[in-house]
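Residues per chain are reported as follows:
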Amino acid sequence: MNEDAVEKTVEIETPEGTFTIRLSTGDLGYVYPDMVRYTIEVLCGTRPVYTYAINSYEVPPGSLFEAGKVAEIAFARLAHDIRSRPEIYTRRRVFTRPLPKEGAYDVVILQGSPRTFGNSAFAASWCDDEAGRAGLSSRVFSIHDMDIRPCVGCYVCYNEGYCPIDDDMPWIIRAIESASLVVVCTPVYTNTVPSGLKAVMDRCQWLHARVKVLGEEVRARGLAIAVAGQPGKEPFACVTPVVDAFMKNLGIQPAEPVLFSGLDRVRDIRKIEGAEDEIRAAVRTLLMHTTEG
Ligand SMILES: Cc1cc2nc3c(=O)[nH]c(=O)nc-3n(C[C@H](O)[C@H](O)[C@H](O)COP(=O)(O)O)c2cc1C
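This structure is a prediction, so every number in the text was calculated from the model and none was measured. (Residues numbered from 1 in each chain as written. Predicted model: local features only at pLDDT ≥ 70, side-chain atom pairs only at ≥ 80, totals over all residues. Heavy atoms only, no water.)

What about helix α5 (residues 195–203)?
Inclusion rule: To sort residues, take the accessible area from a 1.4 Å probe on protein chains only and compare it with the maximum for the residue type: under 20% means buried, over 50% means exposed, and anything in between is partly exposed. Counting from the N terminus, the helices are the DSSP runs of H or I reaching at least four residues and the strands are the DSSP runs of E reaching at least two. Every residue pair with non-hydrogen atoms within 4.5 Å of one another is taken to be in contact.
Looking at α5, one finds that the buried residues are Leu197, Ala199, Val200, Met201 and Arg203. Buried residues belonging to α5 abut β5 (107–111), α4 (169–178), β7 (181–187), α6 (205–214) and α7 (239–249).

Take a look at the structure:
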């Protein structure tokens, strides 16, 4: 991560004190090609009272103004506003939302099926149980029961490391950020993961931003467990690369996936000989690394 470069500064004397407005640019080219973040900080004396940030990926192609121009305009408007009503800037505003303090688990299981007693749900419960047997804490997130909205591609997470969408996602971010093992249990839906789970994967871009911008670290290993209605390997041709991409984007090292095909309504995972043992063994192997440190 590079230091932001200060582009310009202005000082304004007001009855509330001396304000400094500072525009700086941060090169986020190490995150995405040509990504630049423009940050405007307003200080009253030495106390930060306002921050505005915009990055070049927030501005859609074809927009009237580019991000740099928007930052210039915001800078000029702020200078005008502070001169005319400085009193509103001396009240601290909070623009970042901290993640919940509680909600850390050793093993995090993302259960992507809407079926409460479906195949993925059984797989998730076996993983959960294995974590308990190893003396570790664990949590199954049943995505379908949560309020998770799709990513809107605003790229705000690359400014200050938080996502402006107000839903249940902070619990998942908090949990993955501190987990040692992340398991994704999913059915194959139209060759990939169900939309709710895909929304979670997309929204984890927020965690990618926290890693890249705030220097947070994700240390987890990853395991994908997928079930499909059709027989053979074919149903997993898309789903495994999708889960892999999700994990690798966050720095999670995926293990060999555990896959069960030919499973539909009439035949469930409990009736497949050795399936439960295979899932439990895969989890145990990964947990061995965790408990060994
Ligand atoms: C909307 C939908 C789409 C599906 N698409 C596929 C598919 O593309 N390929 C496949 O093999 N099975 C497909 N299936 C079957 C499921 O993957 C299969 O029934 C699975 O065992 C369900 O797992 P669950 O009990 O965890 O929900 C689909 C099922 C649904 C409901």
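From this point, things continue past the structure.
With respect to the packing of α4 against α6
When two helices pack together, their arrangement is captured by the angle between the axes and the distance separating the axes. To be explicit about the condition: Only the contacting stretch of a helix is used when fitting its axis, a line to C-alpha atoms as for every element, and angles between N-to-C directions run 0 to 180 degrees. Throughout, the term roughly parallel applies to angles under 35 degrees, roughly antiparallel to angles over 145, roughly perpendicular to angles from 65 to 115, and oblique to all others. By the definition used in this description, the sense in which the near helix is turned from the far one sets the handedness, with an anticlockwise turn below a right angle giving left-handed and a clockwise turn giving right-handed. Only Asp, Glu, Lys and Arg are considered charged in this grouping, and only Ala, Val, Leu, Ile, Met, Phe, Trp, Tyr, Cys and Pro are considered nonpolar; every other residue, Gly among them, is considered polar.
Their axes nearest at 10 Å, the elements α4 and α6 cross at an angle of 50°. The orientation of α4 with respect to α6, classified from their angle, is oblique. Judged by the sense of rotation from one axis to the other, the crossing of α4 with α6 is right-handed. For the pair α4 and α6, contact is made by Met169, Pro170, Ile173, Ile176 and Glu177 and by Trp206, Leu207 and Arg210, respectively. In the contact of α4 with α6, the residues fall into six nonpolar, no polar and two charged.

Thoughts on the site of the ligand
Let me state the cut-off plainly: Distances are taken per atom, and a residue is near a molecule or strand as soon as one of its heavy atoms is within 4 Å of it. Polar contact is the term for a pair of N or O atoms within 3.5 Å; when the atoms are in protein, one must be able to donate a hydrogen and the other to accept it, and sequence-neighboring residues count only if both atoms are side-chain atoms. Areas reported as accessible are Shrake-Rupley estimates using a 1.4 Å probe. Residue values count occlusion only from the protein chains shown.
Within the structure, the ligand sits among 17 residues, and Ser113, Arg115, Asn119, Ser120 and Asp264 are positioned closest to it. With respect to the ligand, the side chain of arginine 115 contributes an N or O atom lying 2.7 Å from an oxygen atom. Within the backbone of glycine 229, an N or O atom sits 3.1 Å from a nitrogen atom of the ligand. Taking 650 Å² as the accessible area of the ligand by itself, protein coverage stands at 77%. Looking at the shell around the ligand residue by residue, the classes come out as seven nonpolar, eight polar and two charged.

Some points on the pattern of salt bridges
Selection criterion: Every case where a carboxyl oxygen of Asp or Glu lies within 4 Å of a side-chain nitrogen of Lys or Arg is listed as a salt bridge.
Taken as a whole and judged by the stated rule, the model has 18 salt bridges. Note that arginine 203 and aspartate 167 form a salt bridge whose closest N and O atoms lie 2.7 Å from each other. Of this pair, arginine 203 sits in helix α5 while aspartate 167 sits in the loop between α3 (157–160) and α4; the two residues are 36 residues apart in sequence, bridging distant segments of the chain. Aspartate 167 matches arginine 203 in its accessibility class, with the two residues each being buried. A salt bridge links glutamate 216 to arginine 210, with the shortest nitrogen-to-oxygen separation between them at 3.6 Å. One salt-bridge network, held together by shared partners, links Asp129, Glu130, Arg133, Glu276, Arg280 and Arg284.

A short note on the sheet that holds strand β3 (residues 36–44)
This is how it is decided: Here a strand pair is declared whenever DSSP counts at least two bridges between the two strands.
Across the sheet, four strands lie side by side as β1-β2-β3-β4; this open sheet has antiparallel pairing. Of all strands in the sheet, those with a lone pairing partner are β1 (5–14) and β4 (47–55), marking the two edges. Taken over all neighbouring pairs, the strand axes of this sheet differ in orientation by 15° on average, direction set aside. As paired elements, β1 and strand β2 (residues 17–27) share nine bridges and run antiparallel to each other. Along β2, the bridge assignment pairs threonine 14 with glycine 17.

Points about α4
Given 3.6 residues per helical turn, the α-helix brings residues three or four places apart onto the same face. Most of α4 sits out of view: eight of its ten residues are buried. Within α4, burial applies to Met169, Pro170, Ile172, Ile173, Arg174, Ala175, Ile176 and Glu177. For α4, the elements touching its buried residues are β5, β6 (138–142), β7, α5, α6 and α7.

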